[in-house]
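Read off the chains here:
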Amino acid sequence: MLGRLSPEAKETLARFMQPSTIIGLSILVGIVALGVIVPLASPYDPYATSEDVLRPPLSEGPAWPYILGTDSLGRDLFTRIFYAVSIDLAVALVTVGLAVSIGMVIGLVSGYFGGILDSVLMRIMDVLISIPGFMLAIAVAAALGASLFNAMLAVAVVTIPIYARLMRGVTLSVKEQLYVTAAKEAGLSSFRILFRHILPNAMAPLIVQSTIELGNAIIYIASLSFIGLGAQEPQPEWGLMLSTGRKYLREAWWYPTFPGLMIFLVVLAFNLIGDGLRDALDPRLRGTLKIRRSIVWQLLKSET
Amino acid sequence: MAVVEVRNLSVVYYTPRGVAKALDNVSLSIEEQGEILGLVGESGSGKSTLGYAISGLLPGNAEIVSGEILVNGVDMLRAGEDSKPRVSVIFQDALTSLNPVLTIGEQIAEIYLYVHGLSKSEAYDEAGRVLEEVGLPRSFLNRYPHELSGGQRQRAVIAMTLALRPALIIADEPTTALDVTVQAAILKLLYRVVKENRLTMLYITHDLSLVAHICDNVAVMYAGEIVEYSSVKSLFRDPKHPYTRALLKAIPRVDTDVEELEPIEGSPPSLLEPPEGCRFHPRCPLAMEKCRILRPRLVSLVDGRSVRCLLYEEE
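Residues numbered from 1 in each chain as written. Chains lettered and ligands numbered in written order. Predicted model: local features only at pLDDT ≥ 70, side-chain atom pairs only at ≥ 80, totals over all residues. Heavy atoms only, no water.

1. A closer look at the packing of aromatic side chains
- One pass over the full model with this rule turns up 11 aromatic pairs over all chains.
- Plain terms: the ring middles of Y112(A) and F113(A) are 5.0 Å apart, the flat faces sit at 80 degrees to each other, and that makes the pair edge-to-face.
- By relative accessible area, which is 10% here, Y112(A) ends up buried.
- Relative to F280(B), the ring of Y243(B) lies with its centre 5.1 Å away and its plane at 70 degrees, an arrangement referred to as edge-to-face. (Phe/Tyr/Trp six-rings, centres within 6.5 Å; stacked < 30°, edge-to-face > 60°. Buried < 20%, exposed > 50% of the residue type's maximum accessible area, 1.4 Å probe, protein only.)

Here it is as structure tokens:
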């Protein structure tokens, strides 16, 4: 497949393949792969309880050994933790996806049309950003009941301004470009100018931001589950498992540790990927990466 | 009906240091389709402001104080967006005139698709044809702007302009960023496509020698006013205004053994406080006493020429 790519495409690919992106991607791919394989292959039901309560990691089980031990209800932690991958990642993707798509449109429209519309939209964003996300989530949970879906909505709403403001700023600079002027002069519709000429040129910072925000969303949702406003028992979810497990920290260290470790790894992976993307997409660095790397190599060589 | 008619246009810029009169009662017309009018002047003479005013691209701190701009008889300052004839601008920097994330083909075909309402295959067909017309191979449809050289980019921009079929093309120093050999090729191309398609072009430049190559008529601007209007031939044969004469003397020529180039002494006047009387008098070698006090009018001479100088007013 790589053979078909043009030299330019290969160069682009090389630009994206930075060490931090590669490490982040490998962690993420590993976790996702296990998240697919474990639920299919594991002999244990993530919901079924058993008498093997709080067994330590690698102890004998009826089918497989309990690789990461069992929890207070005798459920296999390994199975539950990787069962939770699809839930946690899906929640993060949906939350960020929702916030990005709404925030993006608000930012585009606000930055492009300006004037009163801009002022009104941005003041609404100011109001939203002034609400602490947790408070809103608590309010939503109080009003609509505590559930994962409500927690997602709350997180999406309070993060919309992040993308709206970012997009507005980029739109303001992109709309001054001559090709946008030319498109206006040619009489293309505002819709077309916004989505075909401005949006693709304004996407880079948004992609970086939303990758990093994926990590934040995981923390947000896990925290809400931790205080009981997100996922509910017996749903396998890292924040919830961490929350119930912390009571057993003294007698069963593995119970809160492994879900916490998963949150840590996934957030780390998203941040690494986001950082790598930022470097790769930053137009100021375009074409300088190779030089930077070769300088590093020369320095390393001269050291030895 | 004239293609372009500018009547008594005055434009000011609001700057932190005061109000700058960039254009002062400028009147200008392009009579026939297929005509190329050169607009010449030094930096700050108002030549680009005039171009921007006609195309509706004046920056936010500019205001049209008075005057009218008619293109194909339509009042560009009052008509609705839909009834305005299309005016297309070719800028100096071709790279930023092209969208970096779309191929040349997508950008040209877009005009045929959404402005002229062609079908997708027709649009790409036409886009290929118009690329060939500007001397680029059809395969460039699939190229991105960053894959093109400076001259090729400007050709692609010209192709987009042709695709739009505008009533008026405003070219604002389109060759300044290119090296001399490419410059000549682009000038030739512009001349050919304008004449072949009977388009009309306003060519803005500070370089009188370019004007000689491509324009039919020339308007020379100084400090926000048109000081001389003439056909290219008569301008070069017999410049009337002292400023035009000085400009011509400042151009190196290969065909005559000119001893030395003569620079124009002094610098262009501030538009915040333009000099009293004739605006050129502080730098004019022929300045008379009355030039300090009297504002010269634009005087019509034979064969459609006009000049703004007191030397010609008494005749």
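2. Considerations on the interface of chain B and chain A
- In this complex, chain B contributes 21 residues to the contact, which on the side of chain A involves 13 residues.
- Both faces combined, the contact of chain B with chain A buries some 1500 Å², and carbon together with sulfur accounts for 57% of it.
- A per-residue breakdown of the area chain B buries against chain A is headed by T96(B), N99(B) and E110(B), which together make up 29% of the total.
- Applying the counting rule to chain B against chain A returns 3 salt bridges.
- With a closest N to O distance of 3.4 Å, R196(A) and E106(B) form a salt bridge.
- Summed over the shared surface of chain B and chain A, the number is 7 residue pairs in polar contact (both at pLDDT 80 or more).
- In terms of residue class, the side of chain B that touches chain A is made up of 11 nonpolar, 5 polar and 5 charged. (Contact = heavy atoms within 4.5 Å. Buried area = accessible area lost by both parts, 1.4 Å probe. Salt bridge = Lys/Arg side-chain N within 4 Å of Asp/Glu carboxyl O. Polar contact = N/O pair within 3.5 Å; in protein donor to acceptor, adjacent residues only side chain to side chain. Nonpolar A, V, L, I, M, F, W, Y, C, P; charged D, E, K, R; others polar.)

3. As for the pattern of salt bridges
All names here are of chain B.
- This structure, assessed with the given rule, holds 27 salt bridges over all chains.
- Close ionic contact of E42 with R283 constitutes a salt bridge, the shortest N to O distance being 3.2 Å. In this pair, E42 is assigned in the loop between strand 3 (36–40) and helix 1 (47–55) and R283 in the loop between helix 9 (242–249) and strand 11 (299–300), connecting sequence segments 241 residues apart. For the pair shown, E42 and R283 are each scored as buried. (Helix = DSSP H or I, 4+ residues; strand = E, 2+ residues; numbered from the N terminus.)

4. Quick notes on the sheet that holds strand 6 (residues 87–90) of chain B
All names here are of chain B.
- What the 8 strands build is an open sheet, ordered 6-7-8-3-9-10-12-11; its pairing is mixed. Looking along the sheet, the strands with just one partner apiece sit at the ends: strand 6 and strand 11.
- Here helix 6 (residues 180–196) sits on the sheet and contacts strand 3, strand 6, strand 7 (168–172) and strand 8 (201–205); the angle it forms with strand 8, its principal contact strand, is near 160 degrees.
- Along the sheet face, helix 9 touches strand 9 (217–222) and strand 10 (225–231) and points at about 105 degrees away from the line of strand 9. (Pairing = 2+ DSSP bridges. Axes fitted to C-alpha atoms, helices over the stretch in contact; angles between N-to-C directions.)

5. A short note on the packing of helix 8 (residues 190–226) of chain A against helix 10 (residues 254–281) of chain A
Residue and element names in this part refer to chain A.
- Two elements in contact, helix 8 and helix 10, have axes whose closest approach is 8 Å; the angle formed by their N-to-C orientations is 170 degrees. Taken together, the axes of helix 8 and helix 10 are roughly antiparallel relative to one another. From helix 8, A204, I207, V208, T211, I212, L214, G215, I218, I219 and A222 reach across to helix 10, where they touch I263, V266, V267, F270, N271, I273, G274, D275, L277, R278 and L281.
- Split by residue class, the contact of helix 8 with helix 10 holds 15 nonpolar, 4 polar and 2 charged. (Parallel < 35°, antiparallel > 145°, perpendicular 65-115°, else oblique.)

6. A look at the sheet that holds strand 4 (residues 62–71) of chain B
Residues and elements named next belong to chain B.
- Read across the sheet, 4 strands follow the order 2-1-4-5 without closing on themselves; strand pairing throughout is antiparallel. Pairing within the sheet leaves two strands with one partner each, and these edge strands are strand 2 (18–30) and strand 5 (74–75).
- Relative to strand 4, strand 1 (residues 4–15) runs antiparallel, the two sharing 8 bridges. Considered in strand 4, the bridge of Y13 is made with A62.
- Running at roughly 110 degrees to strand 1, helix 1 makes contact with strand 1, strand 2 and strand 4 of the sheet.

7. Overview of the nonpolar core
- Ranked by internal contacts, the top residues of the largest apolar core, which has 95 residues, are L50(B), I54(B), I108(B) and Y203(B).
- Apart from residues lying up to four places away in sequence, I54(B) is in contact with V4(B), V6(B), I69(B), V71(B), M76(B), V87(B), L168(B), I170(B) and L202(B).
- By size, the runner-up hydrophobic cluster in this structure holds 61 residues, among which are A92(A), Y179(A), A183(A) and L277(A). (Core = buried A, V, L, I, M, F, W, Y, C linked by side-chain atoms within 4.5 Å.)

8. Notes on the side chain of T79(A)
All names here are of chain A.
- Tracing the backbone through its elements, the reader meets T79 in helix 3 (residues 77–113).
- Given a relative accessible area of 1%, T79 falls into the buried group.
- Once you skip the residues sitting within four places of it in the chain, T79 turns out to touch V38, S42, Y44 and P46.

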